[in-house]
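A look at the structure
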Amino acid sequence: MTAQAPPKRRPVRLSAWRTVAYEIALNGWRVLRETVNDFSLWRIIEYPWATKALDLHPGDLVLDVGSGTSSYPHMLAKEGVDVVVLELDPDRVRWQLAKRRTTARPGDGRFFPLVASATQMPIRDGSILRLAAVSSLEHIPDDAAVGAELGRVLAANGLAALTIPYTSTGRQTFFKGIKRFVPVGPNAFVQEGKVGSFFRFYTDEDIQRVYVRPWGLRLSELRGFGRSILNGRYHETRLTRYWRKFVLKDLLLALTVYPLEERFDASDPLYVMFTLRKG
Ligand SMILES: C[S@@+](CC[C@H](N)C(=O)[O-])C[C@H]1O[C@@H](n2cnc3c(N)ncnc32)[C@H](O)[C@@H]1O
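The paragraphs below set out a description of the structure included in this document.

Thresholds applied
Residues numbered from 1 in each chain as written. Predicted model: local features only at pLDDT ≥ 70, side-chain atom pairs only at ≥ 80, totals over all residues. Heavy atoms only, no water. Helix = DSSP H or I, 4+ residues; strand = E, 2+ residues; numbered from the N terminus. Rg over C-alpha atoms; globule rule 2.2 N^0.38 Å. Buried < 20%, exposed > 50% of the residue type's maximum accessible area, 1.4 Å probe, protein only. Phe/Tyr/Trp six-rings, centres within 6.5 Å; stacked < 30°, edge-to-face > 60°. Pairing = 2+ DSSP bridges. Right-handed = clockwise from strand over helix to strand, strands pointing away. Near = heavy atom within 4 Å. Polar contact = N/O pair within 3.5 Å; in protein donor to acceptor, adjacent residues only side chain to side chain. Areas by Shrake-Rupley, 256 points an atom, 1.4 Å probe, with all protein chains shown as cover. Nonpolar A, V, L, I, M, F, W, Y, C, P; charged D, E, K, R; others polar.

Counting its regular elements, the protein chain contains nine helices and eleven strands. In terms of overall size, the protein chain behaves like a compact globule, its C-alpha atoms giving a radius of gyration of 19 Å where 279 residues would be expected to give roughly 19 Å. Principal-axis analysis of the C-alpha atoms places the extent of the protein chain at approximately 65 × 45 × 40 Å. A total of 279 residues make up the protein chain; the buried ones form 53% of that total.

This paragraph deals with the packing of aromatic side chains. Considering all chains together, one arrives at eleven aromatic pairs under this definition. A centroid spacing of 3.8 Å and a plane angle of 20° characterise the contact between F174 and F181, whose relative ring orientation is stacked. Comparing F174 with F181, the two get one shared label, buried. Here F189 and F201 contribute two aromatic rings whose centre-to-centre distance is 6.1 Å and whose plane-to-plane angle is 90°, an arrangement assigned as edge-to-face. Taken together, the residues F189 in strand β7 (residues 188-191) and F201 in the loop between β8 (199-200) and α6 (204-212) connect sequence positions twelve residues apart. Among the residues examined, F189 registers a relative accessible area of 1% and is labelled buried. Through a chain of ring-to-ring contacts, the aromatic side chains of F174, F181, F189, F199 and F201 assemble into a single cluster.

We now examine the pairing of strand β1 (residues 61-65). The buried count for β1 comes to four of five residues, which makes it a mostly enclosed element. Direction of pairing for β1 relative to strand β2 (residues 82-87): parallel, over a ladder of five bridges. Bridging from a neighbouring strand, D64 pairs with V85 of β2. Traced from β1 through helix α3 (residues 72-78) to β2, the parallel crossover comes out right-handed. Looking at chain direction, β1 and strand β4 (residues 128-134) are connected through two bridges and run parallel.

A few words now on the site of the ligand. The environment of the ligand is formed by 19 residues, the closest being R43, Y47, E87, R92 and V134. R43 has a polar side-chain atom sitting 2.7 Å from an oxygen atom of the ligand. With respect to the ligand, the backbone of L88 contributes an N or O atom lying 3.4 Å from a nitrogen atom. Notes on the ligand: free accessible area 610 Å², of which the protein chains cover 90%. Taken together, the residues of the shell around the ligand sort by class into six nonpolar, eight polar and five charged.

Here's what the structure looks like:
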């Protein structure tokens, strides 16, 4: 008798279209004209990338660090992936739970909310095979503690998919066209008069120092987004005040301009996306 091969599990893939469709299904049509969470042009690029980079399959478990009020954990749950939402702000975790209660369907993955800091995760050493942190780590001042925690919680061969703001040469100013941010350290800024609005850009050396070297993790090639058109001419102009609106326009940009920029534009990206693997 020959042993039967286990059935192949289909990989989970989120296209840009599917990401927007999920956003509408989860939050209603109003997401097309107003921001109800952190969904934006960048997320239409980041969620498909992170899902593919982690090579997710139904039944896998993802630790999503700094989830905020993102729909990403719900999209993953709808695809049959189990998700741990780790977020510092209890109100945002409550928001996540309320969203889950109203949208959960039989067959979804499981959903575990956790109010905790990425600098001190209540998670066992070496227990996480897949971790995502989408546009969240740049808001945490003590990133050295986050780097140490990422390496600690990752299992052998575990994979983390991170997206963070980038600069190759250093950044003296934040963005033109939006509220005033003041420098508080190398490439780090806080919004004038707003506590807890920390934001940092990373150089290649910072990425190595904070996230790669402490645990000797293996860094993938950096993918970027937001170059001269999507960042410079679009994001950093007075149009910025509209940038979080009109998701269909963002979808169009993500499908057309983003691939062209990545192919032909060598200027600094606003954000980089990369994976880290524990050897
Ligand atoms: C830009 S928002 C969320 C981005 C979200 N991942 C998405 O996909 O849209 C960043 C989040 O990080 C959270 N955060 C800040 N410091 C944190 C920390 N030390 N540990 C965990 N989460 C933190 C903030 O409360 C905020 O909700």
